[in-house]
Structure formats: C-alpha cells, structure tokens
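Here is how the chains run, residue by residue.
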Amino acid sequence: MRLERIFVGTDFSDQARVAADWAVALAAALGARVVVAHVFDLPIIGFLDTAFIVDSNTAARLSTEARAALDREVARLQGKGVEVEGLLRQGDARDLIPQLAQSEPAQLIVVGSHGRRGLSRALLGSVAESLVRSSSVPVTVVRSPAH
C-alpha cells in the first residue's frame with residue numbers, strides 16, 4: 001500500500017503540533033499530501049434536566065476562531081515543502097475524524113496524545129484511543145518527547 005494522503009487530526013495543542021510535524025516529515029519522505037482537520041463541538045451547558053446549546057452568535061464566533069486557527073496551522077505546515085490542505089467540521093471528533101479520513105480517502109490518520117492517565121483520562125476520554133479502536137483507516141498516535 002502506498003501512502004498518498006495522510007490525515008492529521010488537530011486540536012492545536014502542543015501535542016497535536018508535534019504529531020502534525022511528524023506527519024509532514026513522513027509525507028515529505030514519501031511524496032504524500034497532508035490533510036489537517038480540526039473538528040470542534042459546540043459546548044452544551046447542562047442544568048439538572050435541561051441542556052442549553054450556545055446561541056448562534058457564539059457558534060459563529062467559535063467557527064470563525066476555529067477556521068482562523070486552522071488556517072494558521074496549515075500555513076505553518078505548508079512552509080515545510082509538502083502539499084497541505086485544511087478541513088474544518090463541527091461535531092464529535094471521535095466520530096467525524098474516521099469518517100472524514102475514509103472519505104478523503106487517506107491511508108493513515110495521525111493524531112497527538114496528551115498522555116493523560118487515570119481519572120483525568122476516564123473523565124475526559126481519549127480521542128486518540130477512540131480512533132485507534134474504531135477507525136478502519138490505520139492510526140498512528142504521536143506523543144511529544146516531554147511525555
């Protein structure tokens with residue numbers, strides 16, 4: 001199997017940048033393209049038996065901020081000699097990243113890991129772990145050297 005397209009999921013954290021840099025280096029060595037995707041979800045505020053979704057102005061602002069951050073990340077990576085494109089979607093990253101990678105189609109998904117353990121991982125969940133368990137596209141999890 002030849003890697004022609006590498007799909008990178010990012011939340012713009014330091015760990016995600018390390019993973020994106022790793023994916024771009026791999027893409028440069030293989031002559032592959034990189035798709036950097038950011039999937040954001042709108043916050044839901046819950047009170048007892050009721051949940052409130054943010055208003056349309058807040059949703060638009062969050063989307064605009066996410067687009068700007070994604071554009072900055074794509075520009076940063078394009079300076080490394082590899083064709084890079086950005087993809088922004090709203091939803092749950094655990095569900096959308098595998099779907100998007102398959103529809104691109106990508107031969108590899110690369111994500112960073114925060115390296116959380118114990119209670120914080122149990123409470124926050126792990127997007128990386130979810131992708132490894134559920135994706136039909138192979139997943140590489142890159143941890144930053146400090147972890």
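In the block above lies the structure referred to throughout.
Quick caveat: nothing in here was measured; it's all calculated off a predicted structure.

Novice: So what exactly am I meant to see when it comes to the nonpolar core here?
Specialist: For soluble globular proteins, the rule of thumb is that nonpolar side chains tend to be buried together. Among the nonpolar cores identified, the biggest contains 26 residues, and I6, V8, V34, V36, V84 and V110 are the most heavily contacted of them. Of all the secondary structure elements, the ones that give two or more residues to this core are β1 (5–9), α1 (14–30), β2 (33–40), α2 (56–78), β5 (84–90) and β6 (108–113). No other element matches α2, which puts 6 residues into this core. Counting 16 residues, the second-largest nonpolar core is a separate cluster that includes F7, V39, A101 and L131.

Novice: Please clarify how the packing of α1 against α2 should be interpreted in this entry.
Specialist: Packed helices, taken two at a time, are described by the angle their axes make and the gap between the axes. The interhelical angle for the contact between α1 and α2, taken along N-to-C directions, is 40°, at an axis separation of 11 Å. As the angle between them shows, α1 and α2 are arranged oblique. Judged by the sense of rotation from one axis to the other, the crossing of α1 with α2 is right-handed. Note on element contacts: α2 touches α1 through E73, R76 and L77, opposite R17, A20, D21 and V24. Across the contact of α1 with α2, the residue classes tally to 3 nonpolar, no polar and 4 charged.

Novice: How do you make sense of the sheet that holds β2 when you look at a structure like this?
Specialist: Through backbone hydrogen bonds, the strands of a sheet pair up, either in parallel or in antiparallel fashion. Spatially, the 5 strands line up as an open sheet ordered β5-β2-β1-β6-β7, and their pairing is parallel. Each end of this open sheet is capped by a strand with a single partner; those strands are β5 and β7 (139–143). Neighbour-to-neighbour, the strand axes of the sheet open up by a mean angle of 25°, direction not taken into account. Of the pairings in the sheet, the one linking β6 to β7 comprises 5 bridges and is parallel in character. Directly across from I109, in β7, lies its bridge partner V139.

Novice: Can you walk me through the pairing of β6 in this structure?
Specialist: When a strand is regular, its side chains alternate between the sheet's two faces. Counting buried residues in β6 gives 6 out of 6 residues, a clear majority hidden from the surface. The sheet contact formed by β1 and β6 spans 3 bridges and is parallel. Directly across from I6, in β6, lies its bridge partner L108.

Novice: For this particular structure, what's the right way to read the side chain of S113?
Specialist: One can find S113 in strand β6. In contact with S113, not counting residues within four places along its chain, are Q15, V141, V142 and R143.

Novice: Please clarify how the environment of G91 should be interpreted in this entry.
Specialist: Among the secondary structure elements, G91 is positioned in the loop between β5 and α3 (93–103). With a relative accessible area of 15%, G91 lands in the buried category. C-alpha of G91 to C-alpha of H38: the two residues are 53 residues apart in sequence and 9.9 Å apart in space.

Reading the values: rules and limits
Residues numbered from 1 in each chain as written. Predicted model: local features only at pLDDT ≥ 70, side-chain atom pairs only at ≥ 80, totals over all residues. Heavy atoms only, no water. Core = buried A, V, L, I, M, F, W, Y, C linked by side-chain atoms within 4.5 Å. Buried < 20%, exposed > 50% of the residue type's maximum accessible area, 1.4 Å probe, protein only. Helix = DSSP H or I, 4+ residues; strand = E, 2+ residues; numbered from the N terminus. Axes fitted to C-alpha atoms, helices over the stretch in contact; angles between N-to-C directions. Parallel < 35°, antiparallel > 145°, perpendicular 65-115°, else oblique. Left-handed = near helix turned anticlockwise from the far one by under 90°. Contact = heavy atoms within 4.5 Å. Nonpolar A, V, L, I, M, F, W, Y, C, P; charged D, E, K, R; others polar. Pairing = 2+ DSSP bridges.

That is the geometry; function is a separate question.
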